[in-house]
Every structure is written in structure tokens, then in C-alpha cells.
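# Geometric and topological summary
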Amino acid sequence: MAKLKLDKESVQGFFFNHTEKIVLAVVLLLLGLFIWSGSNLEGIGAQNPAQLASEVDAVAETIEKATWDNIKDEFTPSLDHLVRKGEGDAVTSESYYRLDTPLIGSPPNSATPRQDPEVFAVTDLEVTVVSGSLAFKAREGLTDPFADLGNMEQKKIEAPKKKRKPKKKSRGDSANGSEGMGANESMMEGMYGEGGEQESVYGAGGPMGMEVGGVAGAAGPSVRADANKFHGYRPNATSTPKGLSVIGRSVHVVSVRGLVPYQQQWDEFERVFANAADYKPSRDIPRYMSFIAERAEVPNDPNEPLTWTRITTTDDSLQMIQRVGFAGFPGEIADSKYLSHGILTMPVPPVMFRDLRELATHSKVQIQEEVKARAAERVGPELMDINDLGKAAAIDATPVTPGARRPGVGATGTGTYGATGGAGMPGAGGAGMPGAGGAGMPGAGGAGMPGAGGAGMPGAGGAGMPGAGGAGMAGQSYGEGMGGMNSQLVRGPQAEFLMVRFFDYIQPGKKYVYRVQVEVEDPNHPRNPQAQPQDRDLHDTVRTRLATVAADEAKQAAALKTPIRLFTLKSEWSEPTAPVFVSLKPETYAGGVTIPRLLDIVRSSEPNIGQKTGYSIPAEGEPTADVMNLTWNPKYAIDLPGILTASRGTFFSKPIQANVINPVTLSFKTIPDYPLSSGELVVDLRGGELLEASKDNEQALLTPGEVAVIDASGNFIVRNELDDWHIFDKYAPPPPPIFVEAAGEASDDEIMDYGNMESMLGK
């Protein structure tokens, strides 16, 4: 008999050869077990089918037997509902529950009826109008005004030849010692467009992907303005086959800022509700829901009344931001504790080349100590035309459908007033907002409560966190399905005021004034019906008001075929702002004065023949000065500098070659025949006299230039070079670089000189 092997191969062979037998044995075993278990079941015994049918009929007769007449008197309900409701509405006297030993502290007087708080109006309205370039995402219908303009050309200036210096040979020098300088010369030419890899810095590569050579009609390297000299929003633009991804458009932005007396409003709610019936700290606090803004055109007759037109609300402003297609948003400048993001405080539009502090802050609102840039932008599904910005918004009375959400403002990312990027716009962390006119029901998952902005009611996925900006709106939930609102701790005001801020877009030629009111959630008729106080706890005046509200809700619900809940209290209108209008008056600025070679006047009388008189006359032409006319150009959406070398009698009405800055790329573009027609007349100029002779590698010190001008309105204006140098420094193209003629003996630091004015002027 062979010995049984238990190694791996033997075991595998056994199962391979006997698998069918093993399976058959298992099946037979299970079949036997099934037959054995069935034989042990209890049978039906001696019963037959006729007997079973008789028993079934007896049971059916018992079930169908009518027994209600015997017990109906025991289950007849009482119909005294009205009497019982009246008993329940009666105010319960606390004397029924008087304690012999009082509790620690003073319990609230539950017998004090709930009244309506006063909602305080917005104060200290400030208004500013800024004409600027607004950054939009490129799309069909928006054309780049700089597409047909070429880059500004900047020729090299060769300095006078310098005396050759002997050069020591190094290991890399050639036999004649000139190839080393040739390499440096090639590098310089490559940097400024004649060849070499450095061309990509200004042309094909472009900073941050901008200003690609060949895009938008540009050819050759570009000259860029110094970004540190300009405030405003700076978009992150990229080059596409159709041009740049960001385009600037001319707009006239009106910024309206006001103060909401938040601390005073908080104190008012405490005064009214602290000792009132059914007081809940998480509900009975001021919770701002929206603002409503109106404007009126100032008539020519001061006695004529103003006609007010509603232009925007919180919902309208956020929807416009989604649809218009802004290329991002600037970071926030104002201190966050004064802000109510997405509720009262609207984001600043992306205006380029302007100091955004004029648009973003109020004189009584602090600027945050530390600001951080944050790039975030979102695109709405449907875009509106830029021309629709100036039109008054049509207020849609249709409320938000149940469960609909108004996008909240994104995270409170901040940035400097000259920084790129900005706070995340509608959608981030958003929660539902009230519909137009304060309508709309809470959405699923709590989406009906405002989220970001400190409104205190979390939306879908929203946590119970304090509102953005420290507005003191704690994020307590209403406790739906749990018997009412939870009593939780709330955070009080972090600042005396909240800032309401919105923006309008107007056209030149008209004057406007603005006013604004705010809405708070009605604590006696809140958005969430489960948080509604009992009628017995309300004052008679509140009941009367809510009866009118209920009638309005029923009327609107019947007309719109959707449930309506009106849950806000409105403040009075603020005082109107000061009139605001667009002023596009050109400005004139003076540069340096250049005087020609002078001849001294001498006296020929005796006895001092040939003695100088101290006076001189120009020997060659008249003194000249660089004069800049800075005019807002709506086509290019930029302050266009028209620079002339003017003398006495120069009239600003002639075609010139103007160099303008593209606000998106900061590159200088050239307009070949710009029709300068501002109408200034240069009547006199002085300055430019030598104060101190120049030394080696230093510029000669001259007296500041002064230019006397009569503008187009007949005003006499005197401009000084010292006052205007920063304007020339910003808008005038930088001086061309100076190159030393390539010579083998020149050192590396002699190849290019940007600051030697004597060499530039050939002195």
C-alpha cells in the first residue's frame, strides 16, 4: 500500500481528482436532512375541509357584527373648541404660582405682552462717484479696445564713446580680446527686442501670461508701467486665441456707504423683549435681512419734489454680480467687524487704476490692520450686457419658491486696495436669502436661513458660527421638529455700527441723490413658523398688525400660487445723500522746462564797456516745457495722457502720437493719431535755469518748471513741476535706456545707463 503524502502537490491532486465525488456526497447529505426535518412537522390531525370552512364562517360573522351602536356614546367628541381656546388664551396670573421662597435672581415677568421694537434708520450716508476701468471677463460682445494698437516702441540711445581701456585677458577671452564684449552686446540686444531669450519677458512670454507677442495686434517687446505706482484691482489675465481673458470697460461707479446703528438696535431689542413673554435670546435679537436703495434725479427747479425710484436690494445686487461677469473682486479693506457681507455690505467692484478706499470705506469705519489678497471668482449662467448696469433695477415681486436659495457671499478673504484677487463671490458657504419683498419659505435642510454675512441662520451645511464681520448674529438654528427655538448663547455687537454699502452705475449729464432703508427679521412673526410666539403673548397692537400681515400673505399667495410669508420689519428711510454727478474735466500738469542757449546782454556805455547787465536773451528759439493733458477716455477706459513739448502760445488742439497704458496688462500702447482737443493755451512758462553744474555720472540741478495755462473754460491755472512730478512718473513712458557703444574694453556696468541725463542730452 502506497504511503499517503500530505505535501501541497498531493493535496491539490486529491481534490482535483475527487471534486465531483465530494460535491455529490454533500448534496445527498443535505437531501437526507431535509426529508428528516419534514417528517417531524405536525399534521392537520382529524380535521376535514368541511369543518375548517365552518370555523372560518364563524370568525367572519363575528368580525362583521355591528357593535358601534352599543359604544358610540362613549366616544362622541366634545365640540367646545372655541370655549377651550378662549380659556387657553387668557393671561395666567402669576399669583396662582406664587412661591413662599423666591428663586435666585429675578424671573422674567411672563405677563408682559410682546411689543414691536423700533427699527432705526441708516445714518451718515456718504457718496462717491469714480470714473474708472471695470475688469470684465472676455466674452462675445465685449471687444478689447487695445486689440488694434501696437506696443510702444522705445529706441536705444547710444551714449558718447568712451575712452578705450586696456583689458586683461582671461581664460575665456579670444586672441584679440573682443569676443567677450560681443557676447555682452548680444545679451543686451536680446533683452530689448533684437534677439535673445530675454525677449519673452516683454513679448512672447509676457508677465503672468499677459501680453503675448502677436496677440491683439501687438508686435515686438512691450514697455510696462510700474505696477507699484497704481492702486486698484489687478486682474490675473491670460492670453487666449481671441485675445486677453480680461477686458476693461469704462464705467462711472457710485458708491453709497452708510452706518446702521447696530449697538443702538441691539439695546432696543433688549429693552422690548428682555422682560417680555416667551423671551428667547436666540430669536429676539436684531437680525438684518436686506437693504433697499432708491435714487432720485435732482431737478433743475429746487422747489420741485424728488421722484424716487427703487434701484437695488440685497437680492438684486447679488444677482447682478452673478450675471454681469466681473473678472474677480478686490480684497476687503474695511475692518470686518463693521461689515455684514452679502446682507448689508456689497462687495467692491473690480475697478482698476483707482484708489479703492474711496469706494470701500466710510469716514467712521476703520481700515483693517492686516489685509490679505485672495483670488476667487465665479461665473453666473447668464450674463447681462454692460449697458444694463446703469438702468434702474426692476423689482420683481415674485417671491423665491419654497426651498430656493439666494447665494451667500463667499469667505471673508481680504486684500489690500492694490492687491490682486478678492473675496469669494456668490455661492461659497451660501445659504438661502429671503425672496423679493421678504417672501419665500425655508428650504430643505435649513436652506431658507441666511448664512454668510452674519445673519445668524445657517443654510444647507451651515454651522452655527457667528456672522462674518463679527456682526453679532450667532448662528443658532430654529430647532425645527424639536418644539421651537433653542435657547442658546448669542454674541453681542462687536462694533457700534454696521456699514451698509451698495453701488450704482450712472451716465454723465445728470445729478442723483440716494436714500436707503434696512429690514430686520420680525421677532414676533419670524421667518420660521415654528418660532412664532403664541398669540396670547402678543400685545394688542402687534396682533392688529399681524392680522394685516396675514391678509397680505393670503392675497399674495392666491395671486402667485405659492406659499408666502412676510417676516421683516423696515426702518424709516435715511436722509438723502448729497447730489452726485460725473465730472470728466481734463487736468493739466507741468513737467520740466528746457531753456535754449542764452546770450548775455552787455552795456556799451562808458566807462564799463562790455560789462554784463545780468540779463540774457535766448539765442535759439523759445523755452519749452513738457505739458500733460490728462483726459478720461471712455473708449480705452483709461486716463489718456496727451503730452506736448509746448512753448508760449501752444494750443492743445492737434493730432499727436499718444502712449497709453493698458489697465489690464500695464503695457504701453501707441495711438498714432490721437486727436488732442482739450483746448488749453500755454501763456507763459519759466524755470529750467541751472542751479548747480553736473558732476560725473550726476544730473545737473535745475530750477523747477512752472507753466501758466488758460483752460477751455477760461480759467487761469499755474502748474508747478514739483507738484506734478508724480503724475508724469505714473503716466509718462519711462525714458529709453542708454547704451554705451560696444567696445571690447568696456566693462559690464558701462554697457547700459538709465540715469545719466547728461549723456542722454549729449552734454
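Residues numbered from 1 in each chain as written. Predicted model: local features only at pLDDT ≥ 70, side-chain atom pairs only at ≥ 80, totals over all residues. Heavy atoms only, no water.

### A closer look at the packing of aromatic side chains
Within the structure shown, the criterion is met by 10 aromatic pairs. Measuring from ring centre to ring centre gives 4.2 Å for Phe230 and Phe353, while their planes differ by 20°; the resulting arrangement is stacked. Note that Phe230 is positioned in the loop between helix H6 (199–202) and strand E4 (239–240) and Phe353 in the loop between strand E9 (351–352) and helix H9 (357–360), a separation of 123 residues in sequence. Like Phe230, the residue Phe353 is buried in the burial classification. Ring geometry for Phe230 and Tyr731: centres 5.7 Å apart, planes at 80°, overall edge-to-face. Of the two residues, Phe230 sits in the loop between H6 and E4 while Tyr731 sits in helix H11 (residues 721–731), which places them 501 residues apart along the sequence. The two residues Phe230 and Tyr731 agree in class, both being buried. (Phe/Tyr/Trp six-rings, centres within 6.5 Å; stacked < 30°, edge-to-face > 60°. Helix = DSSP H or I, 4+ residues; strand = E, 2+ residues; numbered from the N terminus. Buried < 20%, exposed > 50% of the residue type's maximum accessible area, 1.4 Å probe, protein only.)

### So, the nonpolar core
Counting residues in hydrophobic clusters, the biggest one holds 49 residues, and the most contacted among them are Tyr288, Phe291, Leu344, Phe502 and Tyr514. Those elements that provide at least two residues to this core are strand E1 (123–137), strand E6 (246–260), helix H7 (262–273), strand E7 (288–297), helix H8 (314–324), H9, strand E10 (498–505) and strand E11 (512–521). The greatest single-element share of this core, amounting to six residues, is contributed by E6. If you look at the next biggest cluster of nonpolar residues, it comprises 45 residues, including Leu149, Met152, Leu640 and Leu666. (Core = buried A, V, L, I, M, F, W, Y, C linked by side-chain atoms within 4.5 Å.)

### Examining the confidence of the model for the protein
Confidence in the prediction of the protein, expressed as mean pLDDT, is 73, and 64% of residues score 70 or more. Confidence over residues 392–488 falls short of pLDDT 50; this stretch has 301 contacts with residues more than four positions distant or in other chains. Across residues 607–611, where pLDDT falls below 50, the model places seven contacts with residues more than four positions away in sequence or in other chains. (pLDDT = per-residue confidence, 0-100. Contact = heavy atoms within 4.5 Å.)

### Thoughts on the sheet that holds E11
Taken in spatial order, the four strands line up as E8-E7-E11-E12 in an open sheet, and their pairing is antiparallel. Lying at the two open borders of the sheet, with one neighbouring strand each, are strand E8 (308–313) and strand E12 (568–570). With direction set aside, neighbouring strand axes in the sheet form an average angle of 30°. With five bridges joining them, E7 and E8 adopt antiparallel strand pairing. Paired with Ala293 across the two strands is Thr312, which belongs to E8. Running over the sheet, H8 touches E7 and E8 and is turned about 60° from E8. (Pairing = 2+ DSSP bridges. Axes fitted to C-alpha atoms, helices over the stretch in contact; angles between N-to-C directions.)

### What to know about the pattern of salt bridges
Close approach of charged atoms allows side chains with opposite charge to pair. Applying the stated criterion to the full structure yields 24 salt bridges. Close ionic contact of Asp116 with Arg545 constitutes a salt bridge, the shortest N to O distance being 2.6 Å. One end of the pair, Asp116, is in the loop between helix H4 (81–89) and E1; the other, Arg545, is in helix H10 (residues 540–560), and 429 residues separate them in sequence. In this structure, the salt-bridge partner of Arg501 is Glu332, at a minimum N-O distance of 2.9 Å. Placement of the pair is Arg501 in strand E10 and Glu332 in the loop between H8 and E9, with a sequence separation of 169 residues. Here Arg501 and Glu332 have matching classes, each one buried. Residues joined in a network through salt bridges with shared partners are Arg114, Asp278, Lys280, Arg283 and Asp284. (Salt bridge = Lys/Arg side-chain N within 4 Å of Asp/Glu carboxyl O.)

### Structural notes on the sheet that holds strand E19 (residues 668–676)
In spatial order, the strands read E2-E19-E18; together these three strands make up an open sheet with antiparallel pairing. Every interior strand has two partners, whereas the edge strands, strand E2 (150–151) and strand E18 (654–661), have only one. Bridge analysis of E2 against E19 gives two bridges, and the strand direction is antiparallel. When the bridges of E19 are listed, Asn151 appears paired with Lys669.

### Section: the side chain of Thr631
Along the polypeptide, Thr631 turns up in strand E16 (residues 624–633). For Thr631, a relative accessible area of 18% gives the class buried. Of note is the side chain of Thr631, whose polar atom sits 2.6 Å from the side chain of Asn629. (Polar contact = N/O pair within 3.5 Å; in protein donor to acceptor, adjacent residues only side chain to side chain.)

### Focus: the environment of Pro508
Note on placement: Pro508 falls in the loop between E10 and E11. Accessibility expressed as a relative area gives 40% for Pro508, which makes it partly exposed. It is 6.8 Å that separates the C-alpha atoms of Pro508 and Phe581, two residues lying 73 residues apart in sequence. When near neighbours in sequence (up to four residues on either side) are disregarded, Pro508 contacts His252, Val582 and Leu584.

### Structural notes on the pairing of E19
Both E18 and E19 contribute to a ladder of seven bridges, which runs antiparallel. Paired with Ile656 across the strands is Tyr674, a residue of E19. In this structure, the hairpin formed by E18 and E19 is closed by a connection of six residues, where Leu666 is found at a positive phi of approximately 65°.

### A closer look at unusual backbone geometry
Here Phe353, not a glycine, exhibits a phi torsion of approximately 65°, which is positive. Even without being glycine, Lys561 reaches a positive phi, approximately 60°. Structurally, Lys561 can be placed in the loop between H10 and E12.

### Points about H10
Quick reminder: α-helices carry 3.6 residues per turn. Residues three or four places apart thus point the same way. Between its first and last C-alpha, H10 extends 30 Å over 21 residues, near the 30 Å set by a 1.5 Å rise per residue. Lys561 occupies a position one or two residues after H10 and carries a positive phi of about 60°. (Expected span 1.5 Å × (residues − 1).)

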